[in-house]
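# Descriptive analysis of the structure
Listed below are the residues making up each chain.
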Amino acid sequence: MDQINNLYGTTVWFTGLSGAGKTTISQVVEQVLRTEGYRVERLDGDIVRQFLCKDLGFSKAERDENVRRIGFVAHLLTRNGVIVLISAISPYRDIRAEMRQNISQFVEVYVNASLETCEKRDVKGLYRKARTGEIKNFTGITDPYEPPLNPEITCYTDYESVDE
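Keep in mind that what you see is a predicted model, and the values were worked out from it rather than measured.

Let's shift gears to unusual backbone geometry. The backbone phi angle of Ser90 is positive, close to 40°, even though this residue is not glycine. In this structure, Ser90 sits in the loop between β3 (83-87) and α5 (93-102). A positive phi angle, near 55°, is found at Asn137, a position not held by glycine. In this fold, Asn137 is placed in the loop between α7 (126-131) and β5 (153-156). Using a relative accessible area of 34% as the deciding quantity, one classes Asn137 as partly exposed.

In structure tokens, the structure reads:
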């Protein structure tokens, strides 16, 4: 491994609606970086909720705490030379801005897909459950998603391929 790989970490934060393609893209990026010999960790929002944040619900305060916990882990890894790929809805701009301030090397990637596209991709039926009231506080339906104003990268998954 080269010297830079051992010295510098970066957090790449993929944000977007459920079903936008955050996990899919981060998995591909992870494979490419590992092939190149980089130290990489991928933190997926669903998995983090299952193990690190299972005590949290979906109110704004609980969502913010979820993001703070993910951000803290990312901060530790980043400062120790790891590239951290986070795929988490993280619906609120203010908490994403807080994470940007707390993590020295931070790249925000907006995985932009229309609500219609996300609903078509929804294999778990979450959007349907949200529309019928079975799921409360669902981002994009009964809870807002605030798109980034100035992300470093935007992926338009409505019409771009994963490779693009």
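And the narrative resumes.
With that settled, consider the confidence of the model for the chain. In this model, the chain carries an average pLDDT of 88, and 93% of its residues clear a pLDDT of 70 or more. Ignoring residues within four places in sequence, the model shows residues 1-5, a span with pLDDT below 50, making eight contacts including any to other chains.

Summed over all chains, the structure comprises four aromatic pairs. Note on Tyr110 and Tyr145: the rings are 6.1 Å apart at their centroids and 20° apart in plane angle, and the pair reads as stacked. Linking Tyr110 in strand β4 (residues 106-112) with Tyr145 in the loop between α7 and β5, this pair joins segments that are 35 residues apart in sequence. As far as the burial class goes, Tyr110 and Tyr145 line up, both buried. When the centroid spacing of 5.8 Å and the interplanar angle of 10° are considered together, the rings of Tyr156 and Tyr159 count as stacked. By relative accessible area, which is 33% here, Tyr156 ends up partly exposed. Of the residues examined, Tyr159 reaches a relative accessible area of 61% and is grouped as exposed. Against the face of Tyr92 rests Lys60, its NZ or CZ located 4.3 Å from the ring centre.

With five of seven residues buried, β4 is to be regarded as a mostly interior element. Taken together, the five bridges between strand β1 (residues 10-15) and β4 define a ladder with parallel strand orientation. Counterpart to Trp13 in the pairing with β4 is Glu108. Direction of pairing for β4 relative to β5: parallel, over a ladder of four bridges. The residue of β5 that forms the bridge with Val111 is Cys155.

Criteria and cut-off values
Residues numbered from 1 in each chain as written. Predicted model: local features only at pLDDT ≥ 70, side-chain atom pairs only at ≥ 80, totals over all residues. Heavy atoms only, no water. Helix = DSSP H or I, 4+ residues; strand = E, 2+ residues; numbered from the N terminus. Buried < 20%, exposed > 50% of the residue type's maximum accessible area, 1.4 Å probe, protein only. pLDDT = per-residue confidence, 0-100. Contact = heavy atoms within 4.5 Å. Phe/Tyr/Trp six-rings, centres within 6.5 Å; stacked < 30°, edge-to-face > 60°. Lys NZ or Arg CZ within 6 Å of the ring centre and 35° of its normal. Pairing = 2+ DSSP bridges.

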